[in-house]
Amino acid sequence: MAEIRDLSKHVGESVTVRGWVESTRGHGKVAFVVVRDGTGIVQGVLVKSAVDESSWAAHGTLTPESLVAVTGRVKAEARAPGGYEVELSSLELLALAEPYPIQPKEHGVDFLLDNRHLWLRSSQQRAGLRVRAEVEQSIHDFFYQRDFVRIDSPILTGSIGEHAGTLFETDYFGERAFLAQTGQLYIEAACPAFRRVYCFGPTFRAEKSKTRRHLTEFWMVEPEVAFNDSAANMRLQEDFVSYIVERALERCREELKVLERDTSKLEHVKPPFPRISYTDAVTELQAGGSEVKWGEDLGAPDELKLMETRDLPLFVHDYPKAAKAFYMKENPADPRTVLCDDLLAPEGYGELIGGSQREDDLDRLKSRIEAEGLPLDAYAWYLDLRRYGTFPHAGFGLGLERTVAWITGKHHIRELIPFPRLMNRLYP
Ligand code: 4AD
Ligand code: MG
């Protein structure tokens, strides 16, 4: 049994390939079948006079996505999809598929999402998910090469990681538990053990918004580094994002072609990225007619407006305290603000990263937790980190699906996760 990706090594030889039927056609004495085996696609050619009767008859019954085994001689053929052709000596039908719901025509996105378990087989979806897998691998490689230790953070948690607004709550043997919005608090605890750490896993937000940028379950990678300040944190972010983009350009050429991505928009993504303070961003937005007032978080329209004239990711740093999470460090130069940054993507993909230096002062952290209306006792363990050798540290969280959407140029992030969870979607 050969795999289609290896056919170049078998030119002139007879091989057997097993896979799913993408399409068939025939005219009289010659027939074709395009087979996909998960490693590639190849066209099989049947000449009626050269195959046995049962193979010829089997071809006539094939339906899209039927499973077949095809045997024949491999030939290089530039015009065939994949670049090779198999001159079949036999075709065996292994599993006949029922009429396949996804047709080569325009389907509505709801229909495609209802059939996500089948839609995964389509070429654009395969390309997008391969890019995702490459990005995941490049994330691990980046941190591995820099001596970070991967720390797996819990998914069930009693301490709210970000804010009370978007929690999935569950009963935990009589106690209130939440699905983690972030792993950050836990990896902060691992810094004194390993200095450089990261977690990477699913996170959960009960987002009631139906936008192209929101999922209720999404993957986030979160590094945390002892002794990094906010400036070092941003340098790590620009190196990290540039590395991921470079890897995708290097290793996903074919996929990006299938996705018709204009890669010239990515090739110049290299550090340093421009930086603008929140305060200057508000001034720029107001000058452009925005109603935003100093003190409010930037909404999606403001973020998009800022990126209209920019083609590199942009750091917006030092937001007002009230607009951001409780754990961010007060800015000594302007205590109305915190030492944080959002990294905004070009082309309308919104916030890729949220990061900050962490509040390392015990009393200030306590009062921020109380001011947010969060229960202090749930943070006793987290406050301990400020009691036993408190240390400056910073980290960030990058949303995987938004990043992959930007790299692939797909409009909506739901196509960049195998089984998206959205407000109205729990199946398949
Ligand atoms: O800015 P956020 O909320 O930051 C945190 O969770 C911090 N604890 C990270 C840290 O400092 N360790 O989320 C980080 C990123 C966002 O910039 C965005 O890319 C993504 O996570 N994100 C979402 N992606 C898809 N769907 C959602 N509902 C998302 N919410 C956030
Ligand atoms: Mg954020």
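Structure shown above.
Residues numbered from 1 in each chain as written. Chains lettered and ligands numbered in written order. Predicted model: local features only at pLDDT ≥ 70, side-chain atom pairs only at ≥ 80, totals over all residues. Heavy atoms only, no water.

Peer 1: Looking at this model, I keep getting lost on the site of ligand 1. Mind explaining?
Peer 2: In the neighbourhood of ligand 1, 23 residues make up the surrounding shell, with Glu162, Gln184, Arg205, Glu222 and Glu351 lying closest. Contact between ligand 1 and Glu207: a nitrogen atom at 3.0 Å from a side-chain N or O atom of the residue. Between ligand 1 and Gly354, the relevant distance is 3.4 Å, taken from an oxygen atom to a main-chain nitrogen or oxygen of the residue. Expressed as a share of its isolated accessible area of 630 Å², the protein-covered part of ligand 1 is 94%. Placement of ligand 1 is best described as lying within the largest pocket. (Near = heavy atom within 4 Å. Polar contact = N/O pair within 3.5 Å; in protein donor to acceptor, adjacent residues only side chain to side chain. Areas by Shrake-Rupley, 256 points an atom, 1.4 Å probe, with all protein chains shown as cover. 1 Å grid on protein atoms, 1.4 Å probe; cavity = no way out; pocket = protein on both sides within 12 Å on 5 of 7 lines; lining within 4 Å. Sits in = over half its atoms within 2 Å of the grid points.)

Peer 1: Whenever I open this one, the layout of surface pockets confuses me. Can you help?
Peer 2: The gaps of empty space that remain are located by a probe, the size of a water molecule, rolled over the atoms. When its volume is computed, the largest pocket comes out at roughly 910 Å³. Taken together, the residues that form the lining of the largest pocket break down as 15 nonpolar, 12 polar and 14 charged. Here the second largest pocket defines a volume of roughly 650 Å³. What lines the second largest pocket is a set of 24 residues, among which Ile102, Gln103, Pro104, Lys105 and Ser122 lie closest to the centre. Those elements that place two or more of their residues in the lining of the second largest pocket are strand S1 (14-27) and helix H4 (123-145). Top contributing element to the lining of the second largest pocket by residue count: H4, with 4 residues. Per-class residue counts for the lining of the second largest pocket are 8 nonpolar, 7 polar and 9 charged. (Points joined across faces, edges and corners; volume = space filled by probe spheres on them. Nonpolar A, V, L, I, M, F, W, Y, C, P; charged D, E, K, R; others polar. Helix = DSSP H or I, 4+ residues; strand = E, 2+ residues; numbered from the N terminus.)

Peer 1: Where do I start with the side chain of Glu65 in this structure?
Peer 2: Position of Glu65 among the secondary structure elements: in the loop between helix H1 (53-61) and strand S4 (67-76). Residue Glu65 is classed as buried on the basis of its relative accessible area, which comes to 11%. Of the polar contacts made by the side chain of Glu65, one reaches the side chain of Arg36; its length is 2.9 Å. Those residues within four positions of Glu65 in sequence are excluded, and the remaining contacts are Trp20, Val21, Arg36, Ala97, Tyr100 and Arg121. (Buried < 20%, exposed > 50% of the residue type's maximum accessible area, 1.4 Å probe, protein only. Contact = heavy atoms within 4.5 Å.)

Peer 1: Explain the packing of aromatic side chains to me, please; I cannot follow it from the model alone.
Peer 2: The description of two aromatic rings rests on the distance between their centres and on the angle between their planes. Inspection of the entire model under this criterion finds 17 aromatic pairs. Here the basic side chain of Arg146 rests over the ring of Phe142, its NZ or CZ set 3.7 Å away from the ring centre. The ring of Tyr349 is capped by Arg212, whose NZ or CZ atom sits 4.9 Å from the centre of that ring. (Phe/Tyr/Trp six-rings, centres within 6.5 Å; stacked < 30°, edge-to-face > 60°. Lys NZ or Arg CZ within 6 Å of the ring centre and 35° of its normal.)

Peer 1: Is there a simple way to explain H4 in this structure?
Peer 2: Every α-helix carries 3.6 residues per turn, so stepping three or four residues along brings you back to the same face. Between its terminal C-alpha atoms H4 stretches 32 Å, which fits the 33 Å expected from 23 residues at 1.5 Å a residue. The first or second residue beyond H4 is Asp147, which carries a positive phi of 65°. (Expected span 1.5 Å × (residues − 1).)

Peer 1: Before we go on, may I ask you to explain the sheet that holds strand S5 (residues 84-95) in this structure?
Peer 2: As a general point, the strands of a sheet are linked pairwise by backbone hydrogen bonds and lie either parallel or antiparallel. In spatial order, the strands read S1-S2-S3-S5-S4; together these 5 strands close into a barrel with mixed pairing. Pairs of neighbouring strands in the sheet enclose a mean axial angle of 50°, with direction left out of account. Summarising the sheet, strand S3 (residues 41-47) and S5 pair through 3 bridges and their orientation is parallel. Bridge pairing links Val45 to Glu87 in S5. On the sheet, H1 packs against S1, strand S2 (30-36), S3 and S5 and is oriented at approximately 75° with respect to S5. (Pairing = 2+ DSSP bridges. Axes fitted to C-alpha atoms, helices over the stretch in contact; angles between N-to-C directions.)

Peer 1: Where do I start with empty space enclosed by the protein in this structure?
Peer 2: Considering all chains together, one arrives at 1 cavity of 30 Å³ or more under this definition. As a volume, the largest cavity reaches approximately 50 Å³. Together, 13 residues line the largest cavity, and Thr157, Ser159, Ile160, Gly161 and Thr182 are the ones closest to its centre. Breaking the lining of the largest cavity down by element, the ones donating at least two residues are strand S9 (175-179) and helix H5 (184-194). Ranked by the residues each element gives to the lining of the largest cavity, the list is headed by H5, at 3 residues. Broken down by class, the residue content of the lining of the largest cavity amounts to 6 nonpolar, 7 polar and no charged.

Peer 1: Would you mind going over the pattern of salt bridges with me for this structure?
Peer 2: As a working rule, side chains carrying opposite charge can pair if their charged atoms are close by. This structure, assessed with the given rule, holds 39 salt bridges. Among the salt bridges present, the one from Arg425 reaches Asp110, with a minimum N-O distance of 3.5 Å. With Arg425 in the segment after helix H13 (400-408) and Asp110 in helix H2 (residues 109-114), this residue pair connects regions lying 315 residues apart in the sequence. Residue class for Arg425 comes out buried when judged on its relative accessible area of 9%. Between Glu359 and Arg364 there is a salt bridge, and its shortest N-O distance comes to 3.6 Å. Assessed through its relative accessible area of 2%, Glu359 is described here as buried. Overall, the relative accessible area of 34% leaves Arg364 in the partly exposed class. Connected via shared salt-bridge partners are Glu22, Arg36, Glu65, Arg121 and Arg126. (Salt bridge = Lys/Arg side-chain N within 4 Å of Asp/Glu carboxyl O.)

From the geometry alone we can't say anything about function, so treat these as descriptive.
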